[in-house]
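Observations on the three-dimensional arrangement
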Amino acid sequence: MRLVCEGLGREIASKEVLRVLLAPSILASDLADLAAAAEVCAEGAADLLHVDVMDGRFVPNLSFGIPVIRALARRTSIPLDVHLMVEEPSRLLEEYLDAGASWLSVHWEATAHLDRVLQQIRDHGAKCGVALNPSTSVDVLTDVLSQLDFVLLMSVNPGFAGQEHLPYVVDKARRLREMIEKRSLATTVAMDGGIGEKTIGRAVAAGVEVCVAGSSIFGAADPLKAMRRLRALAEGAETC
Ligand code: DX5
Ligand code: ZN
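Residues numbered from 1 in each chain as written. Chains lettered and ligands numbered in written order. Predicted model: local features only at pLDDT ≥ 70, side-chain atom pairs only at ≥ 80, totals over all residues. Heavy atoms only, no water.

Looking at the packing of aromatic side chains
The condition that has to hold: Only the six-membered ring of Trp is used, alongside the rings of Phe and Tyr, when aromatic pairs are assigned; centres must lie within 6.5 Å, and planes under 30 degrees apart are stacked while those over 60 apart are edge-to-face, with the rest tilted. Helix and strand assignments come from DSSP, with helices taken as H or I runs of at least 4 residues and strands as E runs of at least 2, each series counted from the N terminus. We call a residue buried when its accessible area falls under 20% of the maximum for its residue type, exposed when it is over 50%, and partly exposed in between, using a 1.4 Å probe and counting protein chains only.
On inspection of all chains with the given rule, the structure shows 1 aromatic pair. Ring geometry for W103 versus F150: centroids 4.8 Å apart, planes at 50°, classification tilted. Note that W103 is positioned in strand β4 (residues 101-107) and F150 in strand β6 (residues 150-154), a separation of 47 residues in sequence. With relative accessibility at 8%, the residue W103 sits in the buried group.

Below, the structure written as structure tokens:
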């Protein structure tokens, strides 16, 4: 077995083993103690800390805002992967970036001027990504794919942690991976929603390189052990 992934920008040949990046989603942690959640993630060598921003409009729920991102960035050295589930993310984009987002994704469904937003993120030096709802086809990204550092495939309907993984999104990951490889792009495929012991293997086998996991880590009796188990399962999965 050969590890082929050292972060972003590598080529992935079939039947090779990915080094999957693990991004715990702190939405599922004890929200009264986010610093403790970040510490557990550091101990478990999390690659990214996934931070869900919700506006109560694009999704029905509310969660973290800019002050929380800023506070977290001060308390952890893990890069923050900020997932904006907000209408018109361009309105506060600079603020999210200044607050400490290293990776920033906006929803295709919520962004009128996607090209401009992507440029703004890149100009700031952050990794730019587009998130797709489960029912949105990967084909909508054909023309912007080469501009993206990553695509975040939602495998639940966004808005809440702890929902059941939608298996058909794994096929979307496979199709997206094919699109990326056909054009020799370096775009990373990420998946978010219902990723746990039962689902991570299939996701990775389909070409997912960043696994966002909330409840399966923070809902476990031992989050550290859960992270190690997920990593082991991910690294044992073969791409296909
Ligand atoms: C859902 C969020 C996810 C969520 C993941 O809207 O974007 O990041 O917190 O949580 P689990 O892993 O519990 O589905
Ligand atoms: Zn998310």
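Looking at the pattern of salt bridges
Here is the rule we go by: Whenever a carboxyl oxygen of Asp or Glu lies within 4 Å of a side-chain nitrogen of Lys or Arg, that contact is scored as a salt bridge.
Counted under the stated rule, the structure contains 5 salt bridges. A salt bridge links D171 to R174; the shortest N-O distance between them is 2.9 Å. With D171 and R174 both in helix α5 (residues 168-182) and 3 residues apart, the pair spans about one turn of that helix. The class for D171 is partly exposed, based on a relative accessible area of 39%. The residue E197 makes a salt bridge to R229 at a minimum N-O spacing of 3.6 Å. Residue E197 is located in the loop between β7 (188-192) and α6 (200-205), and its partner R229 is located in helix α8 (residues 223-236); the two are separated by 32 residues in the primary sequence.

Describing the coordination of the zinc ion (ligand 2)
Inclusion rule: Here the term donor refers to an N, O or S atom within 2.8 Å of the metal (or 3.2 Å for Na, K and Ca), and because water is left out of the atoms, sites may appear incomplete.
Looking at the zinc ion (ligand 2), the protein donor atoms are H50 (NE2), D52 (OD), H83 (ND1) and D192 (OD), and they sit 2.0 to 2.3 Å from it. Counting along the primary sequence, the residues that act as donors to the zinc ion (ligand 2) give the motif H-x1-D-x30-H-x108-D. Of the two residues, H50 is situated in strand β2 (residues 49-54) and H83 in strand β3 (residues 80-85); the sequence distance between them amounts to 33 residues. In this pair, the class of H50 matches that of H83, namely buried.

Some points on the site of ligand 1
Just so we agree on the cut-off: Being near a molecule or strand, for a residue, means having at least one of its heavy atoms within 4 Å of it. Nitrogen and oxygen atoms within 3.5 Å of one another constitute a polar contact, given that in protein one can donate a hydrogen and the other can accept it, and given that sequence-neighbouring residues count only through two side-chain atoms. The protein chains shown are the only cover counted for residues, whose accessible areas, like all others here, come from Shrake-Rupley with a 1.4 Å probe. With a 1 Å grid laid over protein atoms only, a set of points is called a cavity when a 1.4 Å probe fits there but cannot get out and a pocket when it is open yet has protein on both sides within 12 Å along at least five of seven lines; lining residues have an atom within 4 Å of a point. A cavity or pocket is said to hold a molecule if more than half of that molecule's atoms lie within 2 Å of its grid points.
Near ligand 1 lie 20 residues; those nearest to it are G159, G162, D192, G214 and S215. At 2.8 Å, a backbone N or O of G162 approaches an oxygen atom of ligand 1. With respect to ligand 1, the backbone of G214 contributes an N or O atom lying 2.8 Å from an oxygen atom. Here ligand 1 loses 99% of its free accessible area of 380 Å² to cover by the protein chains. Judged by its atoms lying within 2 Å of the grid points, ligand 1 is housed in the largest pocket. Breaking the shell around ligand 1 down by element, the ones donating at least two residues are β2, β3 and β8 (210-213). Of the residues forming the shell around ligand 1, the biggest block, 3 residues, is contributed by β2.

A word on a negative patch on the surface
What counts, and what does not: Residues enter a patch when their relative accessible area is above 30% and they make no salt bridge; the linking distance is 9 Å between like charges and 5 Å between nonpolar side chains (Val, Leu, Ile, Met, Phe, Trp, Tyr). Positive charges come from Lys and Arg alone, negative charges from Asp and Glu alone, with His and the N- and C-terminal ends not counted. For this purpose, a charge sits on NZ of Lys, CZ of Arg, CG of Asp or CD of Glu.
A contiguous patch of negative charge on the surface is contributed by D30, D33, E39 and E43. Mapped onto the elements, E43 comes out in helix α1 (residues 34-43). On the basis of relative accessibility, which here comes to 57%, the residue E43 falls in the exposed class.

Regarding the nonpolar core
Inclusion rule: The term nonpolar core refers to a set of buried residues drawn from Ala, Val, Leu, Ile, Met, Phe, Trp, Tyr and Cys, joined through side-chain atoms within 4.5 Å. In what follows, residue pairs with any heavy atoms lying within 4.5 Å of each other are defined as contacts.
Within the largest apolar cluster, 70 residues are counted, with the highest numbers of intra-cluster contacts made by I26, V82, L84, L104, I121 and L153. The greatest single-element share of this core, amounting to 6 residues, is contributed by α5. Setting aside chain neighbours within four positions, we find L104 in contact with V82, L84, L93, Y96, L97, I121, K127, C128, G129 and F150. By size, the runner-up hydrophobic cluster in this structure holds 12 residues, among which are A23, A131, L152 and A190.

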